[in-house]
Amino acid sequence: MPTDSESTHDSKHGATAAALLPLLGGAGNVLTVAHCMTRLRLELRDRALVRDEALRALPAVLGVVEDGGAYQIVLGPGTVARVAPELQRLVTAGAAGGAPSLAERGAALRAARKARNATPGKLLLGRIARVFVPLIPALIGCGIVAGLAGLLANAHWLPALAPALTAIASGFMSLISVFVGYQTAKEFGGTPVLGGAVAAVIVYGGVERVHAFGEKLAPGEGGVLGALAAALLAVQVEKWCRRRVPEALDVLVTPTVTVLVAGLATLYGLMFAAGRAAAAIGHAADWLLTGGGAAAGFALGGLFLPVVMLGLHQALIPIHTTLIEQQGYTVLLPILAMAGAGQVGAALALYVRLWRNGPVRTTIRSALPAGLLGIGEPLIYGVSLPLGRPFVTACVGGAFGGGFVGLLNQLGEKVGCTAIGPSGWALFPLLKGNHGLAHAATVYAGGLTVGYAAGFAATYFFGLGRGERAELNGPRAAPPVQGVPPSAYSVQDR
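Residues numbered from 1 in each chain as written. Predicted model: local features only at pLDDT ≥ 70, side-chain atom pairs only at ≥ 80, totals over all residues. Heavy atoms only, no water.

### Considerations on the overall build of the chain
Line of reasoning, step 1. Scanning the chain from N- to C-terminus turns up 20 helices and eight strands.
Line of reasoning, step 2. Counting all 494 residues of the chain, 47% fall into the buried class.
Line of reasoning, step 3. Counting contacts in the chain only where the partners sit at least 6 residues apart, residues at least 24 apart contribute 71% of the total.
Line of reasoning, step 4. Here the chain displays about 22,400 Å² of accessible surface, and carbon together with sulfur accounts for 67% of that area. (Helix = DSSP H or I, 4+ residues; strand = E, 2+ residues; numbered from the N terminus. Buried < 20%, exposed > 50% of the residue type's maximum accessible area, 1.4 Å probe, protein only. Contact = heavy atoms within 4.5 Å. Areas by Shrake-Rupley, 256 points an atom, 1.4 Å probe, with all protein chains shown as cover.)

Here it is as C-alpha cells:
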C-alpha cells in the first residue's frame, strides 16, 4: 500500500496536472504528452487555445518554452516525471469520453510540425536525443555509485564493499550498447528487443574471434555509436520484411532476417567504422582542450546558451555518452556547465540593479535555487532573454568560466563528469579527474566562481542601458514579458 507521503505526492502532482489541463485547452487539444529531465513536452492541436498567462502563474510552473512546434512547460527535475503520467491519464480519460484518440492524431501532428519551421536535421537530432534521455537516470545513479566506490578505495575504507560498488556502477555501462539499441529501435518504429539483440553483438565477448578489414574485433568496439547505427539498420531491415513477408511466415522470417542481416553488417562494417569514429571523438576532445585550453573553453562556455536555444545541444548527447563509455567521463560537460554559472551571475546583477522592480526580483528569487542546480530555463525565459542584453552578458560569464576550466585542463588538471543531465552544483557528486575528486572539485568550483563573477560584472555594467534601468525601476515596474524588449514598455503604459 502507498504510504501517506506517497499519497500526498500523488495528490500534489495529480492536482498540478488537473490545473494544467484546462489551461492547455482541455484534453481534446493535447495531442501527445512526453517529458525530458526538466520539461513537460506537449504537442497541441490548436496553440491559440492555451491560456499562457494563467499557466505561467501556476506555482509549479517555472517557465514556458516553445521549440519547433512543441509546447514545453518547465517543472523541474523529479516533478516533471511525476506530473507527466498524471497529465497523460487525464488526457486519455478525456479522449475516451469523446475526443479523438492520441494515436489517431499522431500523423496529423507530425505533418503540422514539419510545416511549422521544423527542419529535418533538427527533428533527427531530437529523435536521437530521445534515444539517450531515458538512459540518463541510470547514468546518474551509476556515476554517483562509481564516485563513492572511488572514494572508499582511495581512503582505504571498507575494502570489502568497494568492489561491490564498482560492480554495481560498471554493470550498466558494460551493457549500455544494448540499452541504446533497444531505445533506438523503439524511437524509430522497430521492435525494441530486436534493436537490443543486434546491439548486443557489440558487447559479446566472442567477437574477438571475428576479423574485419584485416583486424581482430574487440568486445565493445564501436560502443554506443555502433549500437545506434546497428539498431537503425535493424529497424530498416525489419520494416522491409514486414512489407514483403507473408503474414503466416512473419513471426519466423522477419526476426531472423533482421538479426542476421543487421548482425552481419554490424560485425563486418559498423563496429569497425563506429570504433574509429569513437576514437576520433576522444582524440578530438583531448586535442581541443589540450591544445586550445582557455580559448576552447571560452568559446564552448560562451556559445552553449545560444546552442541550447537553437536545440543543437541534442547533438552533444551521443558525444558525451561516447566519452563516458570510452574514457570514464566527459570533459566537455563541466565546461558547458559554466553557461549556467554565467546565467546565475547575470540574474544576481539584475537583482541588484533592478532594486525597485519587485516582480523581477521575485522571479529571480524563486528561480535562483534551480539555476544554482543547473536548471537555467526559469532564469533564461523568465528574466534574461526577455530583457535581451542580459542574455548576452550571461553568455560572457559562461565564456570566462569555461575559459578558466579549459586553461586548467591545458595545464594538466583534467576535469570531467561520469554522467550527463545534472549541471551546476548538482554536478559535484559526478565529477572525476586525472588527479582525483578533490582536484576536480576545486577546478570546477573555481570555474563556477569565475562564471558567477564574470556574469555579474558584465551584466551589472553592460546588461542594461541607463534608460532601460530607469524604466524598469519605475514606480510601477512590471516584469519583462517573453519576446518583448524593455524598450517596448513605458512608465505611462505601466
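### Some points on the pairing of strand S4 (residues 70-74)
Line of reasoning, step 1. Counting buried positions along S4 yields five of five residues, so the element is predominantly enclosed.
Line of reasoning, step 2. Alternating residues of S4 divide into Ala-70, Gln-72 and Val-74 and Tyr-71 and Ile-73, and every residue in both groups is buried.
Line of reasoning, step 3. As defined by bridge partners, strand S2 (residues 39-44) adjoins S4 across four bridges and the pair is classed as antiparallel. Each residue of the ladder has a partner; that of Arg-41, found in S4, is Gln-72. (Pairing = 2+ DSSP bridges.)

### Considering helix H18 (residues 389-410)
Line of reasoning, step 1. When the terminal C-alpha atoms of H18 are compared, their 31 Å separation across 22 residues agrees well with the 32 Å that a helix rising 1.5 Å per residue should span.
Line of reasoning, step 2. Looking one or two residues beyond H18, the residue adopting positive phi is Gly-412, at roughly 110°. (Expected span 1.5 Å × (residues − 1).)

### As for the side chain of Gln-72
Line of reasoning, step 1. With respect to the helices and strands, Gln-72 occurs in strand S4.
Line of reasoning, step 2. Here Gln-72 falls in the buried class, since its relative accessible area comes to 1%.

### A short note on unusual backbone geometry
Line of reasoning, step 1. Phi at His-156 takes a positive value of approximately 60°, unusual for a residue other than glycine.
Line of reasoning, step 2. Along the chain, His-156 turns up in the loop between helix H6 (136-155) and helix H7 (162-174).
Line of reasoning, step 3. If you check the backbone angles, Leu-158 has positive phi at about 45° while not being a glycine.
Line of reasoning, step 4. Examined against the element boundaries, Leu-158 turns out to sit in the loop between H6 and H7.
Line of reasoning, step 5. Leu-158 sits in the exposed class, given a relative accessible area of 52%.

### Digging into helix H17 (residues 377-387)
Line of reasoning, step 1. Counting buried positions along H17 yields nine of 11 residues, so the element is predominantly enclosed.
Line of reasoning, step 2. Residues of H17 that are buried: Glu-377, Pro-378, Leu-379, Ile-380, Tyr-381, Val-383, Ser-384, Pro-386 and Leu-387.
Line of reasoning, step 3. Where H17 terminates, the next one or two residues include Gly-388, which has phi positive at roughly 90°.

### Looking at the pairing of strand S1 (residues 30-35)
Line of reasoning, step 1. In this structure, S1 lies alongside S2, joined through five bridges in antiparallel fashion. Bridged to Val-30 within S2 is Leu-44.
Line of reasoning, step 2. Hairpin connection between S1 and S2: a loop of three residues separates the two successive antiparallel strands.

### Re the pattern of salt bridges
Line of reasoning, step 1. Under the criterion given, the structure shown has 11 salt bridges.
Line of reasoning, step 2. Its salt-bridge partner being Arg-56, residue Glu-53 comes within 3.9 Å of it at the nearest N-O pair. A residue pair is termed a helical-turn pair when its members lie 3 or 4 positions apart in one helix, as Glu-53 and Arg-56 do in helix H2 (residues 52-56) at three residues.
Line of reasoning, step 3. In this structure, Arg-276 engages Glu-221 in a salt bridge whose closest nitrogen and oxygen atoms are separated by 3.4 Å. (Salt bridge = Lys/Arg side-chain N within 4 Å of Asp/Glu carboxyl O.)

### Thoughts on the packing of helix H11 (residues 247-292) against H18
Line of reasoning, step 1. Packing of H11 against H18 brings their axes to within 7 Å, and their N-to-C directions diverge by 95°. Between H11 and H18, the angle is such that the two are roughly perpendicular. For the pair H11 and H18, the contacting residues are Leu-289, Thr-290, Gly-291 and Gly-292 in the first and Gly-406, Asn-409 and Gln-410 in the second.
Line of reasoning, step 2. The class makeup of the residues in the contact of H11 with H18 is one nonpolar, six polar and no charged. (Axes fitted to C-alpha atoms, helices over the stretch in contact; angles between N-to-C directions. Parallel < 35°, antiparallel > 145°, perpendicular 65-115°, else oblique. Nonpolar A, V, L, I, M, F, W, Y, C, P; charged D, E, K, R; others polar.)

### Remarks on the packing of helix H15 (residues 338-353) against H17
Line of reasoning, step 1. Running from N to C, H15 and H17 point in directions that differ by 70°, and their axes come no closer than 11 Å. As far as their axial angle goes, H17 and H15 are roughly perpendicular. Classified by chirality, the crossing of H17 by H15 is left-handed. Along its contact with H15, which presents Gln-343, Val-344, Ala-347 and Leu-350, the element H17 presents Leu-379, Ile-380, Val-383, Ser-384 and Leu-387.
Line of reasoning, step 2. Looking at the contact of H15 with H17, its residues break down into seven nonpolar, two polar and no charged. (Left-handed = near helix turned anticlockwise from the far one by under 90°.)

### Section: the side chain of Thr-266
Line of reasoning, step 1. Summarising the element assignment, Thr-266 is placed in helix H11.
Line of reasoning, step 2. With relative accessibility at 0%, the residue Thr-266 sits in the buried group.
Line of reasoning, step 3. There is a polar contact of 2.7 Å between the side chain of Thr-266 and the backbone oxygen of Ala-262. (Polar contact = N/O pair within 3.5 Å; in protein donor to acceptor, adjacent residues only side chain to side chain.)

### Things to note about the nonpolar core
Line of reasoning, step 1. If you look at the biggest cluster of nonpolar residues, it comprises 67 residues, and the most contacted ones within it are Phe-132, Ile-176, Val-180, Leu-350, Ile-420, Leu-427 and Tyr-444.
Line of reasoning, step 2. Apart from the residues within four sequence positions on either side, Leu-427 is in contact with Leu-333, Pro-334, Ala-337, Cys-417, Pro-422 and Tyr-444.
Line of reasoning, step 3. By size, the runner-up hydrophobic cluster in this structure holds 24 residues, among which are Leu-21, Leu-23, Ala-27 and Leu-55. (Core = buried A, V, L, I, M, F, W, Y, C linked by side-chain atoms within 4.5 Å.)

### Things to note about the packing of aromatic side chains
Line of reasoning, step 1. Throughout the structure, instances matching the rule amount to six aromatic pairs.
Line of reasoning, step 2. Relative to Phe-400, the ring of Phe-298 lies with its centre 5.3 Å away and its plane at 80°, an arrangement referred to as edge-to-face. Remark: Phe-400 occurs in helix H18 and Phe-298 occurs in helix H12 (residues 294-310); sequence separation between them is 102 residues.
Line of reasoning, step 3. Of the residues examined, Phe-298 reaches a relative accessible area of 39% and is grouped as partly exposed. (Phe/Tyr/Trp six-rings, centres within 6.5 Å; stacked < 30°, edge-to-face > 60°.)

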